[in-house]
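What follows is each chain in one-letter form.
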Amino acid sequence: MSVFTEYVDWVGSQDAQYRTVLPITDAEADDLMAGRLSPHQVGALGDGRRHLKSDWPSGADEPSVYWGSGVFAVHEGF
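Given the structure is predicted, the values throughout are model-derived calculations rather than measurements.

Turning our attention to the sheet that holds strand β4 (residues 64–69). One key point about sheets: their strands pair by backbone hydrogen bonds, in either a parallel or an antiparallel sense. Spatially, four strands are ordered β1-β2-β3-β4 in an open sheet, and the strand pairing comes out antiparallel. Single-partner strands in this sheet number two, and they are β1 (2–7) and β4. Taking the axes of each pair of neighbouring strands and ignoring which way they run, one obtains an average angle of 20 degrees across the sheet. The pairing of β1 with strand β2 (residues 16–21) spans six bridges and is classified as antiparallel. The partner of S2 across the bridge, within β2, is V21.

Pasting the structure below:
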């Protein structure tokens, strides 16, 4: 599963972009597709698992890509 977050930079036009890619099981994918697992709950699936992260904050020349682990936050956009 991939979670993408972008924060609009209304002044500098360099939107911060963040992505987390987490492998999930077929059962977890089924739960997500069926609505038994909300998109906001998927960050909890990271507990005890590695996930690939890409952070590209405003003003950075390139993204930082690294492995993370543990629960991660999923925020609803504005």
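Moving on, we get to the nonpolar core. In this structure, V3, L22, L37, V42, L45, F72 and V74 together form the largest nonpolar core, which totals seven residues. Not counting residues within four places of it along the chain, the set of residues in contact with V42 comprises M1, V3, L22, L32, L37, F72 and V74.

Okay, the pattern of salt bridges next. By the definition in use, this model includes two salt bridges. Between D31 and R36 there is a salt bridge, and its shortest N-O distance comes to 2.8 Å. Taking relative accessible area as the criterion, D31 reaches 28% and is therefore assigned partly exposed. In this structure R36 comes out as exposed when scored by relative accessible area, which is 57%.

About the cut-offs
Residues numbered from 1 in each chain as written. Predicted model: local features only at pLDDT ≥ 70, side-chain atom pairs only at ≥ 80, totals over all residues. Heavy atoms only, no water. Pairing = 2+ DSSP bridges. Helix = DSSP H or I, 4+ residues; strand = E, 2+ residues; numbered from the N terminus. Axes fitted to C-alpha atoms, helices over the stretch in contact; angles between N-to-C directions. Core = buried A, V, L, I, M, F, W, Y, C linked by side-chain atoms within 4.5 Å. Buried < 20%, exposed > 50% of the residue type's maximum accessible area, 1.4 Å probe, protein only. Contact = heavy atoms within 4.5 Å. Salt bridge = Lys/Arg side-chain N within 4 Å of Asp/Glu carboxyl O.

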